[in-house]
Structure formats: structure tokens, C-alpha cells
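# Reading the structure
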Amino acid sequence: MLRSAIQHSLRRATSASQQSITCRNLSSSSTPHRKVAVLGAAGGIGQPLSLLMKLNPLVSQLSLYDIAGTPGVAADVSHINTRSEVMGYVGEDQLAQALEGCDIVIIPAGVPRKPGMTRDDLFNINAGIVKGLCTAIAKYCPNALVNMISNPVNSTVPIASEVFKKAGTYDEKRLFGVTTLDVVRAKTFYAGKANVNVAEVNVPVVGGHAGITILPLFSQATPQANNLSDEVLTALTKRTQDGGTEVVEAKAGKGSATLSMAYAGALFADACMKGLNGVPDVVECSFVQSSITELPFFVSKVRLGKNGVEEVLGLGALSDYEKQGLEALLPELKSSIEKGIKFANQS
């Protein structure tokens, strides 16, 4: 029942162009072989994410890496009767094996946010971790799609880009900041207030992936609910922006949004694989290199294809409230991007 429920939820929640994600519909002979690595697989996000990736029939090889604890996670997950072969790797000596031949690398490595922790605190720890992992990616699987989950994403994606540029392997079409959790939250909160079926809801979320840089475009939500007041939409926006803090406080120092983040990360990785496999019209929001604003990176809807980013889509029509939100977020997002670039180039 659990596997069926999870698979049904994944199938429902991905974009409308998706194919079935259930194992029943899998034809190994017609499904391309895809190796996916999870870096940080023994952590709070990494473990449930590894489970969800094991349930995805598009994955043929699942490579789980962390600095400790990975053999146990790999052994546990490997017992699940789905397509993919699971291998666990531990420590820097085994990182090359974990990465070689990967089509997609998902990075949830690093420390989660705790009560009272600032994003600067997160940056000071996670920036170095991301830099080291991306150096290895550039060496051992330079053509992989990189799905960055490690926070602060507004800075870690620019760090990754600079590392890849130094290595001569940077391809802007293959680097993604995973912001799907913002979309998941916006859909959930909107559906609750609009009293509509959450499975039918779509809400683009643009900007960045922290605080006020998260800008849900409820004016573009479908189905459109005309009964929501400006006050309600403002409250929905703030709740979407503060969703991570809501979970951190609710867990009272015992964790962050690990489960919902793993779910969102699995959704985005699934979309990337569908794009690689040639499924048409796969569109997700992501933090990517962009020219739709004056900033070098920005979250907007992205069409995914066989080479990663096929097209970065524009923002569309914004409400007056959303236009104000866009203007307000740009300075903070710019500062976070510059901080990441500066860190990457310090050494």
C-alpha cells in the first residue's frame, strides 16, 4: 500500500506531460538506462530522497554517497523490489566511483537549518561542501545534470557554476537549483484556501529560494479562484515564503523540512529524467542561468529536454502586488548570488 500510495502521488503531482511512474508500466527494454547519484544520501533529506528515487522506474542505477553511513542506507534501500541497482559509497576515496557515468547528480549534502540559524550560518558550512562536491562532478561526470538542493540555493548554484567554469565544464543547461518545494507548498496552500482539488492546481513560483526572494504567482494559478481577497493572497504568499521556518519551528529543533524536500527533489529529478528521455513539454520551475531579469540566475518556468534546459520561459503577466514583490526581491537575490560567486573565486 505504501509504495502504491507514494507512486500514485508522484504520478499525480508531476507536470501534465508526464508518463506513468508506476513499476507496472515499466518496460526495461524501452526505458533508457539512467544512473542517478544522491550526494548526502545518509542525511535527513538524503534518506527519504534515496527511497523515492528507488521507487522511480526511470532509474536503472542508484548511486548513494555520503561521508558516513551510506552502506547501511544502500543495503536498506536495495531490498526494495524495483528496477534500479543500488550501490553505496562512503568517504572521499569512493566519490569518483559514485559519480562516474551519472546522468543526474542530486545534492542534498550539508547541514539543515535549525531554530535561530541564519542563512549566513548555513552558507558558512554548506558552501565548502558544495564546492568540493562540484569539483568532483566536473572531473568524473561533467555532462551530468546537477540538481542542487543544498541551501542556501541562491548562493550554492552560483558556487557550482564558478567551479564548473574553472574546470572548463560549465554548461548552463545542466545546472539547476531545485525550488520545487516552493511550488509544492504554493499548490497546497492555494488549494486549501480556494477549496479546489490540489491535484489539479498549478502555481508558478519565481525569483529565488529563500524568504522574500520566493515569489508565488497566484495571479497565474490554475484553476483560477476569483473568490480570494488581496489579504488572503498576501497571507498565502507570506506562508509560502516562510514554509521552511514553519516546519523548523514545528519540529522544535529536531529537524527541518526534510520529508517534503525529499518529495520535491524526487519530483524534479523525475522531470529531468523525462526531459532526457525525450518526453515533450516537461515544464518545471527552477533556479537557472537566466536573462529574463538583470540577474545572472533566476527562478522561472523552464522547459526540460534531452540536454537539460531547453528553454527558459518568461514571467508572463504579473499583478501589481507581484510586480512589487519582484522589485523587492531583486536586491536580496543579487546579494546572495554575488556572495556565492565571491566564495567560489576566493581560492
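Residues numbered from 1 in each chain as written. Predicted model: local features only at pLDDT ≥ 70, side-chain atom pairs only at ≥ 80, totals over all residues. Heavy atoms only, no water.

## Description of a nonpolar patch on the surface
Let me state the cut-off plainly: To count toward a patch, a residue needs a relative accessible area over 30% and no salt bridge; like charges are then connected within 9 Å, while nonpolar side chains (Val, Leu, Ile, Met, Phe, Trp, Tyr) are connected within 5 Å. Reported accessibility uses the Shrake-Rupley method at a 1.4 Å probe radius. Residues are deemed covered only where the shown protein chains occlude them. A pairing counts as a salt bridge when a side-chain nitrogen of Lys or Arg comes within 4 Å of a carboxyl oxygen of Asp or Glu. A run of H or I in DSSP counts as a helix once it spans at least four residues, and a run of E counts as a strand once it spans at least two, with each numbered from the N terminus.
A contiguous nonpolar surface patch, about 200 Å² in accessible area, is contributed by V111, I125 and I129. One can find I129 in helix α5 (residues 119-140).

## With respect to the packing of aromatic side chains
Each aromatic ring pair is summarised here by two numbers: the centre-to-centre distance and the angle between the ring planes. Stated formally: Any two of the Phe, Tyr and Trp rings considered here, Trp counted by its six-membered ring, make a pair once their centres fall within 6.5 Å; the pair's planes then place it as stacked at under 30 degrees, edge-to-face at over 60, or tilted in between.
Overall, the coordinates contain 4 aromatic pairs when judged by the stated rule. Here the aromatic rings of F123 and F343 are separated by 5.5 Å at their centres, their planes lie at 80 degrees, and the arrangement is edge-to-face. Here F123 is found in helix α5, whereas its partner F343 is found in helix α11 (residues 320-344), with 220 residues between them in sequence. Ring geometry for Y190 against F218: centres 5.8 Å apart, planes inclined by 10 degrees, an arrangement best described as stacked.

## Examining the environment of G305
The condition is simple: Contacts: residue pairs with any heavy atoms within 4.5 Å of one another.
Its place among the elements puts G305 in strand β10 (residues 297-305). Spatially, the C-alpha atom of G305 lies 7.5 Å from that of V279, the residues being 26 residues apart in sequence. Non-local contacts of G305, meaning those with residues more than four positions away in its chain, are made with G275, L276 and E310.

## Re the pairing of strand β1 (residues 35-39)
To keep it simple, the criterion reads: Under the scheme applied here, a residue whose accessible area is under 20% of the maximum for its type counts as buried, over 50% as exposed, and between as partly exposed, the area being computed with a 1.4 Å probe on protein chains only. When DSSP finds two or more bridges between a pair of strands, those strands are recorded as paired. Here a crossover is taken to be right-handed if, once the strands point away from the viewer, the path from the first strand over the helix to the second is traced clockwise.
Within β1, 5 of the 5 residues are buried, leaving the element largely enclosed by the surrounding structure. Every second residue of β1 is oriented toward a common face, with K35, A37 and L39 on one face and V36 and V38 on the other, all of them buried. With 5 bridges joining them, β1 and strand β2 (residues 61-66) adopt parallel strand pairing. Each residue of the ladder has a partner; that of K35, found in β2, is Q61. Where the polypeptide runs from β1 across helix α2 (residues 46-54) and back to β2, its parallel neighbour, the crossover connection is right-handed. With 3 bridges joining them, β1 and strand β4 (residues 104-107) adopt parallel strand pairing. Residue pairing for β4: V38 is matched across the bridge by I106.

## Structural notes on empty space enclosed by the protein
This is how the line gets drawn: The method works on a 1 Å grid over the protein atoms by themselves. A cavity is a set of points holding a 1.4 Å probe that cannot get out, a pocket is an open set with protein on both sides within 12 Å along at least five of seven lines, and residues with an atom within 4 Å of a point line them. Grid points are joined across faces, edges and corners, and a volume is the space filled by probe spheres set on the points. Residues were grouped as follows: Ala, Val, Leu, Ile, Met, Phe, Trp, Tyr, Cys and Pro as nonpolar; Asp, Glu, Lys and Arg as charged; and all remaining residues, including Gly, as polar.
The final tally for this structure, using the stated rule, is 1 cavity of 30 Å³ or more. Surrounding the largest cavity, I137, A138, C141, P142, A144, V146, F164, T169, Y170, D171, R174 and L175 form its lining. For the lining of the largest cavity, a count of residues per class yields 9 nonpolar, 1 polar and 2 charged.

## What about the side chain of S256?
Mapped onto the elements of the fold, S256 is located in the loop between α9 (243-250) and α10 (258-276). In this view, S256 contacts P112, R113, V247, V248 and K251; residues no more than four positions away in its chain are not counted.

## Structural notes on the pattern of salt bridges
Scanning the model with the defined rule gives 9 salt bridges in all. Here R303 ties to D281 by a salt bridge, and the two come within 3.7 Å at their closest N and O atoms. Here R303 is found in strand β10, whereas its partner D281 is found in the loop between α10 and β9 (282-289), with 22 residues between them in sequence. Each member of the salt-bridge network shares a partner with another, and the members are D281, R303 and E311.

## Some thoughts on the state of the cysteines
Put simply, the test is: The disulfide criterion used throughout: a pair of cysteine sulfur atoms within 2.5 Å.
All told, the structure shown has 0 disulfides when counted by the stated rule. With no disulfide partner, C272 has as its closest neighbouring cysteine sulfur the one in C285, 13 Å distant. Accessibility expressed as a relative area gives 7% for C285, which makes it buried.

## Focus: the confidence of the model for the protein chain
For the record, the criterion: One number per residue, pLDDT, summarises how confident the predictor is, and it ranges from 0 to 100.
Taken over all residues, the pLDDT of the protein chain has a mean of 92, while the share at 70 or more is 91%. This stretch, residues 12-29, has a pLDDT under 50; its non-local contacts, to residues over four places away or in other chains, come to 42 contacts.

## Concerning the pairing of strand β3 (residues 85-90)
Alignment of β2 against β3, held across 6 bridges, turns out to be parallel. Of the residues in β3, the one forming a bridge with L62 is V86.

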